[in-house]
Amino acid sequence: MKPCDFFYFNRSDRGILLFFLLLAIVANALIFFVGGSEETTPMAAQDSLPTPPSRSSAYAPTASEPYEQDRGRMPERFAFDPNTADSTALLRLGLQPWQVRNIYKYRAAGGVYRRPADFARLYGLTQKQYRELEPFIHISRDYAPAAELYTPEPHAAYDTTRRYPVKIGPTEHVDLNTSDTTTLKRVPGIGSYFARRIVAYRERLGGYHSAVQLSEIEDFPENAISFFIVSNNIRKINVNQLKLNELKRHPYINYYQAKAITDYRRLRGQLRSLGDLRLLKDFSPSDIERLQPYVEF
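Our subject in this report is the structure included herewith. (Residues numbered from 1 in each chain as written. Predicted model: local features only at pLDDT ≥ 70, side-chain atom pairs only at ≥ 80, totals over all residues. Heavy atoms only, no water.)

A few words now on the overall build of the protein. When you go through the protein residue by residue, the secondary structure sums to eleven helices and six strands. Burial analysis of the protein (297 residues in total) assigns 29% to the buried set. Considering only intrachain contacts with a sequence separation of at least 6, the fraction spanning at least 24 residues in the protein is 50%. For the protein, the exposed surface amounts to about 20,700 Å²; the carbon and sulfur share of it is 55%. (Helix = DSSP H or I, 4+ residues; strand = E, 2+ residues; numbered from the N terminus. Buried < 20%, exposed > 50% of the residue type's maximum accessible area, 1.4 Å probe, protein only. Contact = heavy atoms within 4.5 Å. Areas by Shrake-Rupley, 256 points an atom, 1.4 Å probe, with all protein chains shown as cover.)

This is the structure in structure tokens:
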């Protein structure tokens, strides 16, 4: 198309061509000015841009943060009580704000640090930090258990400094049938458990007739038997009067033996001696021998 042909377009066609020509000129001007400014951005401007925070400095105190902390200050060392120290003192020691919050929550829930080792359970505290802080942890006696104030009254059978019975010597003895649990615990090898077992078995038997009977208690320490003596204080049972259930309560009479005694009384009358039981298959000679001290007719 010749240049002069431009003037042969009608008015609407000429308007469209002029619009696109103007649009092209504006686009080229924008590319020139905007692109050039990006390429000529000085290095100093780039250096002035803010640096993103690193992982180690991600924590930033906010207006709601209740604790003060100076991150440029080195941890200090001074005596403190973890039960009463405030947030300022704890932060000065080098603890983190969230650790201080945990201490406050623990104390608010009724928790008490009774000894320095309890402070080692603080979440996030390293062994190195604890070793450095341990010499400075001074816990007031106000937080010690009140039970430590209790002092037992003096007693001849107790050492008041150690609070347990003083054991008898190798030549001393204790009566099996008359002693209570406190006296029984004075025997070497006998504690609360075996003292109760001795008394319970004595009630079932009706009394001991020999210290050797202690070996019938399960796991009883044999070296303690020599410290016991036996007084003649045995409660006997009448085999002609007791019912079956009453007879079988004795440790030396089982159900079948109790039934054999009641059957004998029903069929033959009352027993006159233990010799009558020798005819019954449920009684061996050893059974009759150990029953001898405990029956009457």
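Anyway, onward from the coordinates.
This brings us to helix α8 (residues 192-205). With 14 residues, α8 extends 20 Å between its outermost C-alpha atoms, agreeing within 8% with the 20 Å of an ideal straight helix rising 1.5 Å per residue. Every buried residue of α8 is accounted for by Phe 194, Ala 195, Ile 198, Val 199, Tyr 201, Arg 202 and Leu 205. Down the axis, α8 shows its buried residues gathered within 165° of arc, on one side only. Just downstream of α8 lies Gly 206, where phi reads positive at about 100°. (Expected span 1.5 Å × (residues − 1). Arc of directions from axis to C-beta.)

Moving on to the packing of aromatic side chains. On inspection of all chains with the given rule, the structure shows ten aromatic pairs. Arranged with centres 5.4 Å apart and planes meeting at 80°, the rings of Phe 194 and Phe 220 form a pair that is edge-to-face. Here the residue Phe 194 occupies a position in helix α8, and Phe 220 occupies one in the loop between α8 and β4 (228-229), the gap between them amounting to 26 residues. The exposure classification of Phe 194 matches that of Phe 220, with both residues buried. Each member of the aromatic cluster is reached from another via a ring pair, and the members are Phe 80, Tyr 106, Tyr 113 and Phe 119. Over the ring of Tyr 104 we find Arg 107; its NZ or CZ atom is 4.9 Å from the centre of that ring. (Phe/Tyr/Trp six-rings, centres within 6.5 Å; stacked < 30°, edge-to-face > 60°. Lys NZ or Arg CZ within 6 Å of the ring centre and 35° of its normal.)

What follows covers a nonpolar patch on the surface. A grouping of Ile 16, Phe 19, Phe 20 and Leu 23 is seen on the molecular surface, where their side chains present a nonpolar patch of about 430 Å² in accessible area. In this structure, Phe 20 sits in helix α1 (residues 11-39). (Patch = residues over 30% accessible without salt bridge, like charges linked within 9 Å, V, L, I, M, F, W, Y side chains within 5 Å. Salt bridge = Lys/Arg side-chain N within 4 Å of Asp/Glu carboxyl O.)

Further remarks concern helix α10 (residues 255-268). Its 14 residues place the ends of α10 20 Å apart at the C-alpha level, agreeing with the 20 Å of an ideal helix rising 1.5 Å per residue. Residues Gln 257, Ala 258, Ala 260, Ile 261, Thr 262 and Tyr 264 constitute the buried set of α10. Looking at the buried side of α10, the elements it contacts are α9 (244-247) and α11 (285-291). For α10, the N-terminal cap is Asn 254; the gap from its side-chain oxygen to the backbone nitrogen of Tyr 256 is 3.1 Å. The first or second residue beyond α10 is Gly 269, which carries a positive phi of 100°. (Polar contact = N/O pair within 3.5 Å; in protein donor to acceptor, adjacent residues only side chain to side chain.)

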